Each structure stands twice: as C-alpha cells, then as structure tokens.
Amino acid sequence: MSMRVRFYFLSLIMSLAPLVHGITLERVEPLNWWAGMKQSQLQLLIYGEGVGLLSPRIEDDAIRIADVVRVENPNYLFIYLDLENTPAGTYAIDLLEVDTVVASFPYELQERKAGSSDREGFDASDVIYLITPDRFANGDPSNDEVEGYSEKIDRSDKSGRHGGDLQGVIDHLDYIAEMGFTAIWLNPVLENNIERAYHGYATTDFYKVDPRFGTNEQFQELSRLAAERGIKIIQDMIPNHAGLPHWFVQDPPMKDWINFGGEFVVTSHRRQTNQDIYASDYDKRKHADGWFVRVMPDLNQREPLMADYLTQNAIWWVEYADLGGIRVDTWPYPDKDFMAQWTKDILTEYPNLNIVGEEWSLDVPIIAYWQRGKVNHDGYVSHAPSMMDFPLQDAVVESLTDEPREYHEPLLRMYEVLSLDYLYPDPANLVIFPDNHDMARFFTQVEEDIDLFRMGLIYFLTMRGIPQIYYGTEILMDSTEDPDDHGIIRTDFPGGWAGDPVNAFTGEGLTLKQTKAKAFLRKLLNWRKSAEVIHSGRLMHFAPDDGVYAYFRYHDDASVMVVFNHNREDLEIDLEPFAERLEGYSTARDVIDLSIHNLEKNLPVPARTALVLELN
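Residues numbered from 1 in each chain as written. Predicted model: local features only at pLDDT ≥ 70, side-chain atom pairs only at ≥ 80, totals over all residues. Heavy atoms only, no water.

Participant: Explanation requested: the overall build of the protein in the structure shown.
Facilitator: For the protein, the helix and strand inventory stands at 17 helices and 26 strands. Taken along the three principal axes of its C-alpha coordinates, the protein extends 90 × 60 × 45 Å. Carbon and sulfur atoms form 49% of the exposed surface of the protein, whose accessible area is close to 24,200 Å². The protein carries 54 positive and 101 negative side-chain charges, and their two centres are separated by 1 Å. (Helix = DSSP H or I, 4+ residues; strand = E, 2+ residues; numbered from the N terminus. Areas by Shrake-Rupley, 256 points an atom, 1.4 Å probe, with all protein chains shown as cover. Lys, Arg positive; Asp, Glu negative; His and termini not counted. Charge placed at Lys NZ, Arg CZ, Asp CG, Glu CD.)

Participant: Is there a simple way to think about the nonpolar core in this case?
Facilitator: The nonpolar side chains of soluble globular proteins are, as a tendency, buried together. Membership of the largest hydrophobic core comes to 172 residues, with the highest contact counts inside it found for Phe219, Trp342 and Tyr459. No other element matches the 12 residues that helix α7 (residues 304-321) contributes to this core. Once residues within four sequence positions are removed from consideration, tryptophan 342 is found in contact with Met237, Leu310, Thr311, Ala314, Ile326, Val328, Trp331 and Ile355. (Core = buried A, V, L, I, M, F, W, Y, C linked by side-chain atoms within 4.5 Å. Buried < 20%, exposed > 50% of the residue type's maximum accessible area, 1.4 Å probe, protein only. Contact = heavy atoms within 4.5 Å.)

Participant: I keep staring at the sheet that holds strand β21 (residues 558-565) and nothing clicks. Help me out?
Facilitator: Paired through their backbone hydrogen bonds, the strands of a sheet run either parallel or antiparallel. Strands sit in the order β19-β20-β21-β26-β23-β24 across an open sheet of 6 strands; the sheet is antiparallel. Two strands lie at the open edges of the sheet, namely β19 (538-545) and β24 (596-598), each paired on one side alone. Averaged over all neighbouring strand pairs, the angle between strand axes comes to 25 degrees, with direction disregarded. Each of β20 (548-555), β21 and β26 (609-615) is contacted by helix α13 (residues 450-462), which is oriented at about 150 degrees to β21, the strand it contacts most. (Pairing = 2+ DSSP bridges. Axes fitted to C-alpha atoms, helices over the stretch in contact; angles between N-to-C directions.)

Participant: I tried to follow the sheet that holds strand β2 (residues 33-34) on my own but got confused; where do I start?
Facilitator: If you trace the 4 strands from one edge of the open sheet to the other, you get β2-β8-β7-β4, paired in mixed fashion. Pairing within the sheet leaves two strands with one partner each, and these edge strands are β2 and β4 (55-57). Examined bridge by bridge, β2 and strand β8 (residues 100-110) share 2 bridges and lie parallel to one another. Opposite tryptophan 34, over in β8, you have glutamine 110 as the bridge partner.

Participant: Just checking my understanding: could you explain the packing of aromatic side chains for this structure?
Facilitator: When we look at a pair of aromatic rings, we describe it by the centre distance and by the angle of the planes. Tallying each qualifying case throughout the model produces 48 aromatic pairs. Centroid distance tyrosine 47 to tyrosine 76: 4.8 Å. Interplanar angle 50 degrees. Geometry classified as tilted. Residue tyrosine 47 is located in strand β3 (residues 41-47), and its partner tyrosine 76 is located in strand β6 (residues 76-82); the two are separated by 29 residues in the primary sequence. Consider the rings of phenylalanine 542 and phenylalanine 578, whose centres lie 5.0 Å apart with planes at 85 degrees: the pair is edge-to-face. (Phe/Tyr/Trp six-rings, centres within 6.5 Å; stacked < 30°, edge-to-face > 60°.)

Quick look at the structure:
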C-alpha cells in the first residue's frame, strides 16, 4: 500500500469515527512496518481522543497482540505486536469499547527488499558531502510556502528559510558524483513547523519530511537516484529532543515523557559528567535532562515507551529510505544507556550499517569513550561504530595557521593528537573534516590562505578515517563576515536559485581562484575513489622537523607518501629519515600535477605545499 493510500484509509476512519462514540484516530505510528525483521516485536503508538479507554483486537491468527499499555493520558494507546513469522499483508486492527467495535484501521506489513538487512554503510572508501538542504538548491519553488506552515521564504534573512529542498539535491546529484563524492549527509529534513528552524533540528513530526523540503516519497527517490550514481544517503537523526510544537510534546502521554516534567530547564552542557568518576547525580541530570533551548524539549529516553518509539523510528527510516548510514546529533546529551541500546538495536537489524555520533569535545579520551569496542573505566559499553573527530579538526587548523618560531614546531600538535589514536578502538572509522555546519568555514579558519587551504584538504583526504566536506568548500565559501554566525556559515550555494548571478554548479561567474580550488578538490576526490591504499592502508608518520611533516599510507601492494612543507621557503628534503618506508621504491608520481620524482635524490617541496606521491 502506498503512503497516499494508507493516509486515505486513515482519513476515512477519522471521518467515520466521530459518528461512533466520538472516537477519532489522529495518529498510528510507525506508519507501516516490514515482515521478516530480526526484532519481531513492534510498538504501535495510537493517538486520538479517548483511544486509551479502548481495547484492541486482531482477528487473524498470523499476528498476535503481545501487550497493551495504557498511560496517564487517555488519548494514547500503546499496542505491542508479535510479528514473528507474520507474512506481509494488511491486517485489520479493531478498537473496542466493551464488546462493540468503535473504530478499525488497516496496518500494513510490507515485503522487505532483498538484502536489506545486509546493506553496507559508509566507510573509509567514501567521502561525505554535507548539505544543509535549505541553503543548497531550490529545485521546486512550488513548495516554498505551504499552507499550515507560517514561516515564509526570505533569502535576505540569513536566519530564515531560503527555499532549498530535496528536489534541489536530486537535480544536482550528477554534480556531486562528478566532483567525486560517494556519500551525502543531509542536515535534518523532517518536519520543523516552528519559526527559525530551517536547519531542521527541532523535529515536529518524526515520520514526515517537511513539506517545504518535499515529501517522504521524494526522500526515497533521492536515495534511489543517489544509489544509481554510487552515492549513499546518511540521515541526520536527533534522539535527544523534539520541537516544542510537536503533537506529543503539546499533549504528552505521561508527565515524565519530557524531561523535568515538561518544564524548561536549560542543560549545563557538562558532557564530561558521562565519564567523570566524581560526578554527582545532580550534575549528571542537569546535563542529560536539561533542554538545549526553550523550543527544543528534552525527551526522556529512560521511559521505555519513548525508548521503543525512538528506536523504531530510526529503523523505519533506514528501511524506508534505504539509508547508507546515520549521523546522530548531540550524542552525549541523551541518556547514555539508552544510546547504547538504541545503537545496538539498529545494528542488530543492520550489522553493516555505519552510525556516527557528534560529541563536540577536543579531548581524545572523551571521544574514544563512545566508540564501539572501547573498554571503559566505568564498564560502559558503547555500540557506536564511528564518532566525529573534533580533536583532529582543531589540531589541523591550529597547526596550519601557527607560524614557525625559534624552538617551536608549528605542525607538532597535528602530530601529537594523531599519536593518541591508541585510545580509539577503531580510528580508521572516525569521521574527519575541515569544518561543518556549526563552525566557521574552513577557508576562513585558515585565514583565507589558499596554500593552507590546499594543505588542509590534502590532509583530510589522505589521512585515516572517513572524510566529510561541507557544501561550498570546493568554491572557497567563507564566513569571514562573522565566523560565529550560523546564517553566514550556511550561506546559499550560488547557482541553486534561478537568477543567481554566479553558478557554482556550472562554474559560470566563479573567480579564477574559486575555479582552481574546485578543480583541485575534484581531482583529489576522484583520485581517492580508487586509491584503496588510502581506504584501508596502514599509517606511519614521522615527527615534524623544521616545518616538514610526512606520513605514509601503505599496504603490501601500494604506498603513498604525503609530505608537508609549512615553511615560506622552497625546500630540498633529505629522504634518508624516511628510508624504512621508501625501501624498494625508486620513483614517485605526484597525483595532482603527475610529475615524476627520483627518490634517490633530495625531494623538492615548494613552500607551504603538501605533496601526495604514489611510490613506484
């Protein structure tokens, strides 16, 4: 049954139900499910005036009601279905008052696609393109303003909606593929029916794409068309909080559905309470239960009904949209035991899926605490395969922008942070990045120095881990006007709107510097796509010395040398210190300009340059 038909049936029920004892079904979630899932029990959340006073019944032996949960609010009824060995089909669920059927609705179990549970998630062979949909491209102006959604399009308002949408991403999939990206991480696209929420982080419907971005079906289409081009879709999920207008925030099932009883108490942001052996329960609660802002109520994941709802919602989107991964916002803010179980349950269903968490800390031990396989001091067992590598991002920017001084090695911090990789269970599965949607643009961070910009991109695209590049990096988008202003950081991608004087997709109107930067990144990305030694090779680095830093990515069949000259003078680098990794190789090919270097002589490295050399 298509979503349109399903909504038709539900609306038919809603139109008839008031004629029978005044019962109206407003929500049944999840919208549907699939036969043959590994986890055979399914929670149905049923919402409507007085539904909690009714009793469910299914007159079909193929499906069984395992449990019925009624809560304080009579507008809710939670039904747990046992779906073990239940075939695909549509099943009628009756709601009874004593022995009288008050309402009935169909519930569909769909057939799963072949190999769905074995889907491959994003990994170190990928490079992720991060897109803020509202600011990328407006492919469908007809959805710029939608009835029932008060915020209008105003591109002159840097903090308002600009009209970018899913169709805009679909329209430019060829551009993304030709640049060399193999995965797309979209900032949240679910409904945010709230002012100043173009960013998507204040969800008001967990099962609905915001109509100003498009439809659920369009999200499916995006995933399908991206897959045809070898591109995976990564969905941004937010289990920590919802948007204030969300229907289950406005009429919660129980008093503790929202933390602090639904009263606004701001979080302390003391994320260290998750690891601190001296932390008080007061401080732990103030951090984990506190709200980000007044319009983002903090969800109580310790409530089992909430936990099941959020877990099923994540699985639903993976299955529905054929996702290649999940990015999780504000990883350390929800209940950490819930996050462990949430991740475990998703990966039980999809063992090869990748999930990356955002823990914005510059301390390697705190990031490492959350990665799957880490043996922690407090016995906490995490199941997150990947985390965002904020410590390395910070170290790279500091190292590149630091000037050499007497007895001071500018590249040393980059080296030192990387040397802490022994703390990570799986450093090769960390997501590494020059910037993202919440921080100053990378070109701004490196002081709009094109040499440092190129050095940084070479680092992130040859280092261990999974690189992520923010849209517009390829054309030197900056946030110099105000590096801390999110509206400026998330500036519209030129060419994404009809009438734009510059079109970065075609190159029309770009400056020479922008054109060269775009070509440089495209060449590096497309080389990386087939450079298996970068995807899975081992890593050896040599301590920085007088502004020179080198590392090697290598395995039995290939080796790549990356060497940085941070100095303002050209150098002839003595290769003797790197002899242990150069043994057996006589020449090297520069992957950017294709020049050949003789490894039996000193290596010329121009000032403020990084070379990527394939050894032969």
